[in-house]
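Close look at the chain arrangement
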Amino acid sequence: MYVALDDYPWAAGVATELVNTTAEVWRGDDRLPDLAALIAFTDLHDAPGDLSRLARRARGADLHAVHALRTTVRGLIDHPDRDRLLAGATTLTSPARGVTLVPDPARGSRTRWALPLSEGATVADALSLICGVGVLGVVHTLGEQRFRPCSAPTCRGAFIDTTRPGSRRYCMPGLCGNRVNVTNHRARRAATRDRRPTSEQSP
Ligand SMILES: [Zn+2]
């Protein structure tokens, strides 16, 4: 398999999803506890299909390597110093064997830059390469301020923001964003109730 360099938004998205599977984010419930969960994760994020194939070959040691990768990538997002991001992400791309050009199916005979994965690479190697390209692509194109913690007060998640305006606030917008909306809504309702005259409260 390979990771195309201009696929960095997708790659950064996989990195975000990966770091947010930890027990730290899910209050003790690891979302990648076993190989079945790892396969499900790759099925969800794999465009070309090779990642899923590698996940199906994985053993216990590969799962541990993915867990270690998760910690490494989280460390980069939590301390987004430019030099640190570049050095860390460059190391993450070490499972690649050089750089090459691959056909671009969306643009006829055109090609695009890509990093092919070394022969015999594991699913942890593949995910490492994906995370490395994601981090490098975002630093290059969008800047290191795109690496942020989740804004939901009770959430321990983090994310890489690849949105055009750079205004993403939550690690899992559908979940953390909704939680914050519900909390704010309840607070507003409570405040309205407290302000009402007594006669309205007891008809
Ligand atoms: Zn969150």
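Read on for a plain summary of the structure. Predicted model only: the values in this text are computed from it and were never measured. Sequence order sets the numbering: in each chain, residues are counted from 1 along the sequence as written. Given that this is a predicted model, residues contribute local features only at a pLDDT of at least 70 and side-chain atom pairs are listed and counted only at 80 or more, while totals for whole chains, interfaces and linings are drawn from all residues. The basis for every side-chain value is the complete set of heavy atoms in the structure, and neither hydrogens nor water enter the calculation.

1. Quick notes on the sheet that holds strand β1 (residues 2-4)
Should DSSP find at least two bridges between two strands, the strands are taken to pair. Put simply, DSSP H or I for four residues or longer makes a helix, DSSP E for two residues or longer makes a strand, and each gets a number counted from the N terminus. Pairing in this open sheet of 3 strands is antiparallel, and the strands run β1-β3-β2 from one edge to the other. Of all strands in the sheet, those with a lone pairing partner are β1 and β2 (100-103), marking the two edges. For this sheet the average axis-to-axis angle between neighbouring strands, irrespective of direction, equals 50 degrees. In terms of strand pairing, β2 meets strand β3 (residues 111-116) through 4 bridges, oriented antiparallel. Across the sheet, the residue bridging to Thr100 is Ala114, located in β3. Together, β1 and β3 form the strand contacts of helix α6 (residues 123-141), whose direction differs from that of β1 by roughly 10 degrees. Helix axes use the C-alpha atoms of the stretch in contact, all axes being lines fitted to C-alpha atoms, and the angles between their N-to-C directions lie in the range 0 to 180 degrees. The criterion used for residue contact is that any of the two residues' heavy atoms lie within 4.5 Å.

2. Looking at the nonpolar core
As a rule of thumb, soluble globular proteins bury nonpolar side chains together. Residues grouped as a nonpolar core are buried Ala, Val, Leu, Ile, Met, Phe, Trp, Tyr and Cys residues, joined through side-chain atoms within 4.5 Å. Residue burial is assigned from relative accessible area. The probe radius is 1.4 Å, only protein chains are included, and a residue is buried under 20% of its type maximum, exposed over 50%, and partly exposed in between. Core analysis: the largest hydrophobic core is formed by 45 residues, its most contacted members being Val123 and Leu127. The set of elements that each furnish at least two residues to this core consists of α1 (8-19), α2 (35-45), α3 (50-56), α4 (60-78), α5 (82-92), α6 and β5 (158-160). Sort the elements by how many residues they give to this core and α6 lands first, with 11 residues. If near-sequence neighbours (up to four positions away) are discounted, Val123 is found in contact with Leu38, Thr42, Leu51, Leu54, Ala55, Ala58, Asp62 and Val66. Residues Phe159, Tyr170, Met172 and Cys176 belong to the second largest nonpolar core, which totals 10 residues.

3. Let's talk about the environment of Pro165
Tracing the backbone through its elements, the reader meets Pro165 in the loop between β5 and α7 (173-195). Accessibility expressed as a relative area gives 66% for Pro165, which makes it exposed. Each C-alpha atom of the pair Pro165 and Leu142 lies 9.9 Å from the other, and the pair is 23 residues apart in sequence.

4. Things to note about the packing of α4 against α5
Packing of α4 against α5 brings their axes to within 10 Å, and their N-to-C directions diverge by 155 degrees. By the angle between their directions, the pair α4 and α5 is classed as roughly antiparallel. As α4 packs across α5, the resulting crossing turns out to be left-handed. Contacts from Leu69, Thr72, Val73, Gly75 and Leu76 in α4 reach Arg84, Leu85, Gly88, Ala89 and Leu92 in α5. Residue type decides the class: Asp, Glu, Lys and Arg count as charged, Ala, Val, Leu, Ile, Met, Phe, Trp, Tyr, Cys and Pro as nonpolar, and the leftover types, Gly among them, as polar. The class makeup of the residues in the contact of α4 with α5 is 6 nonpolar, 3 polar and 1 charged. Our angle categories are set so that under 35 degrees counts as roughly parallel, over 145 as roughly antiparallel, 65 to 115 as roughly perpendicular, and the remainder as oblique. Crossing handedness: left-handed means the near helix sits turned counterclockwise from the far one by under a right angle, and right-handed means the same turn made clockwise.

5. A word on the coordination of the zinc ion
In this analysis a donor is any N, O or S atom within 2.8 Å of a metal ion (3.2 Å for sodium, potassium and calcium), and since water is not included, sites may seem incomplete. Taken together, the protein donors to the zinc ion comprise Cys150 (SG), Cys155 (SG), Cys171 (SG) and Cys176 (SG), at separations of 2.3 Å. Working rule for geometry: tetrahedral if four donors all subtend angles between 85 and 135 degrees; square planar for four, octahedral for six, if opposite donors exceed 155 degrees and the others stay between 65 and 115; irregular in every other situation. Every donor counted, the 4 donor atoms about the zinc ion form angles of 99 to 118 degrees at the centre, which fits tetrahedral coordination. Ordering the donors of the zinc ion by residue number gives the pattern C-x4-C-x15-C-x4-C. Overall, Cys171 belongs to the buried group, its relative accessible area being 2%. Here Cys176 falls in the buried class, since its relative accessible area comes to 1%.

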